[in-house]
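# Notes for the structure review
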Amino acid sequence: MLDFLLHTMTSYKYNSSIASNDDDSDSSSNSSFHNDYGYTQSELSTSLTSDLLSSYTPHISMSAPSGSSNDSSKPRILLMGLRRSGKSSIQKVVFQKMSPHETLFLESTNKIVKNDISNNSFVQFQIWDFPGQINFFDHTFDGELIFGGCGAMVFVIDAQDDYQEAIIKLNQTVQQAYQVNNKIVFEVFIHKVDGISDDHRIEIKRDIEMRLREELLDNDMSDVPIRYHMTSIYDHTIFEAFSKVIQKLIPQLGTLENLLDMLVSNSRLEKAFLFDVVSKIYVATDSTPVDNSTYELCSDMIDVVIDISCIYGNQQSTKKQQIEGEGFAYDEESTCVIHLSNNTVLYLREVNRYLALVCLIQKESFNKIGLINYNFECFKKAITEVFLVNDSSSA
């Protein structure tokens with residue numbers, strides 16, 4: 001049966017890997033408009049257009065494996081929203097490991113900030129953080145340049161503020177983006193929900209969905225798919241939301257999910273996540289529903305492994321080195337077992353330098369650790385071969 005598991009995993013990978021990636025495929029200007037920085041709309045338009053047309057220079061550089069694709073071929077995620085909605089804080093916390101409390105001292109973004117995220121063969125994309133106080137839909141802006149190569153657009157709405165203006169701008173943004181590129185994945189982060197009661201959160205989410213639906217219906221665009229996420233930088237919700245955004249941009253997602261399904265069924269696991277260790281985004285999970293508490297446990301386990309490895313491991317590294325992929329304490333020997341009080345076990349195994357498999361297992365199933373480890377090696381070999389196919393196809 002175990003040999004059959006390996007054979008099935010490998011065979012399925014080849015069948016799925018050859019599938020093509022379908023993911024790549026009215027406001028008036030006012031020259032007298034001034035913002036808080038003292039620039040006119042025309043000056044800002046010229047500045048931002050220059051940013052878009054300039055050669056791409058990553059704001060962050062993370063080590064990528066050999067054979068990674070060129071920047072121009074990476075999916076692009078646009079981070080948009082009104083000023084002070086929390087856009088920059090989100091990417092600082094998720095991708096630059098900034099403490100949520102430190103984001104209180106961030107200045108407002110007044111130009112496009114382009115970040116390159118290249119942790120592994122699956123997590124490779126660009127994030128463009130747009131300033132919220134600028135009118136992007138003036139005639140001086142090129143919609144094709146902004147939205148043409150976009151894979152996903154994340155629009156951030158401050159749940160603690162009056163969001164009527166944000167809904168109007170979101171409606172305008174969706175209209176223009178969809179006309180240019182109808183393959184864009186639209187995601188709405190209803191942000192800063194910490195401190196808001198659960199009932200009020202549901203009410204806010206329902207109200208935003210209803211208002212936006214009415215706006216789109218008036219413009220005959222009610223069929224545009226939009227997903228909504230309740231997020232906060234002070235808990236795991238922002239990582240889970242970005243995980244779902246990134247998964248939409250991974251062409252091998254179906255292959256990864258099927259491999260995890262077979263691993264779970266053959267090893268009698270409760271749940272399995274494939275995590276990007278650097279960002280704590282889960283690249284894929286099995287087909288069973290994701291429970292928030294389970295995800296939080298598995299995500300926290302990665303922090304435990306990294307923190308202990310940095311203290312007691314052979315390689316000593318600073319947080320900056322970890323972010324840049326230098327001297328990373330996580331390596332091929334990293335593994336962790338945590339026994340919980342409810343007769344379940346958290347089990348972490350290294351897949352490669354930037355990926356980890358984190359599983360939730362019943363205690364009686366964990367007694368067959370030999371079977372689990374053998375199946376994991378089969379899974380790891382299949383993942384490696386998916387990497388090789390992905391690297392060769394993007395070379």
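Our structure's up above, just so we're on the same page.
Residues numbered from 1 in each chain as written. Predicted model: local features only at pLDDT ≥ 70, side-chain atom pairs only at ≥ 80, totals over all residues. Heavy atoms only, no water.

## Section: empty space enclosed by the protein
Of the volumes computed, that of the largest cavity is approximately 40 Å³. For the largest cavity, the full set of lining residues is Leu-263, Leu-269, Tyr-347, Arg-349, Leu-357, Cys-359, Ile-372 and Phe-376. Breaking the lining of the largest cavity down by element, the ones donating at least two residues are strand 10 (344–352), strand 11 (355–362) and helix 12 (369–394). Grouping the constituent residues of the lining of the largest cavity by class yields 7 nonpolar, no polar and 1 charged. (1 Å grid on protein atoms, 1.4 Å probe; cavity = no way out; pocket = protein on both sides within 12 Å on 5 of 7 lines; lining within 4 Å. Points joined across faces, edges and corners; volume = space filled by probe spheres on them. Helix = DSSP H or I, 4+ residues; strand = E, 2+ residues; numbered from the N terminus. Nonpolar A, V, L, I, M, F, W, Y, C, P; charged D, E, K, R; others polar.)

## Examining the side chain of His-229
You can see His-229 is positioned in strand 6 (residues 226–230). Looking at His-229, the relative accessible area reads 8%, which means it is buried. Within the structure, His-229 has its side chain in polar contact with the side chain of Glu-187 (distance 2.7 Å). (Buried < 20%, exposed > 50% of the residue type's maximum accessible area, 1.4 Å probe, protein only. Polar contact = N/O pair within 3.5 Å; in protein donor to acceptor, adjacent residues only side chain to side chain.)

## Regarding the packing of helix 5 (residues 164–180) against helix 6 (residues 198–218)
Axis angle and axis distance: for two packed helices, these are the angle between their axes and the distance between the axes, and together they describe the pair. Packing of helix 5 against helix 6 leaves a shortest axis separation of 10 Å and a crossing angle of 45 degrees. With respect to helix 6, the axis of helix 5 lies oblique. Regarding helix 5 and helix 6, the two cross each other, and that crossing is right-handed. Contacts between helix 5 and helix 6 involve Gln-164, Ile-167, Ile-168, Leu-170, Asn-171 and Val-174 on the former and, on the latter, Ile-208, Arg-211, Leu-212, Glu-215 and Leu-216. (Axes fitted to C-alpha atoms, helices over the stretch in contact; angles between N-to-C directions. Parallel < 35°, antiparallel > 145°, perpendicular 65-115°, else oblique. Left-handed = near helix turned anticlockwise from the far one by under 90°. Contact = heavy atoms within 4.5 Å.)

## Thoughts on the sheet that holds strand 7 (residues 271–276)
The pairing of strands in a sheet comes from backbone hydrogen bonds and takes either a parallel or an antiparallel form. What the 5 strands build is an open sheet, ordered 8-7-11-10-9; its pairing is antiparallel. Looking at which strands have only one partner, the edges of the open sheet turn out to be strand 8 (281–285) and strand 9 (335–339). Ignoring which end each strand starts from, the neighbouring axes of this sheet average 25 degrees apart. Bridging between strand 7 and strand 8 involves 4 bridges; their strand directions are antiparallel. Bridging across to strand 8, Asp-276 finds its partner in Ile-281. Packed on one face of the sheet, helix 9 (residues 292–312) meets strand 7, strand 8, strand 9, strand 10 and strand 11 and runs near 45 degrees to strand 7. (Pairing = 2+ DSSP bridges.)

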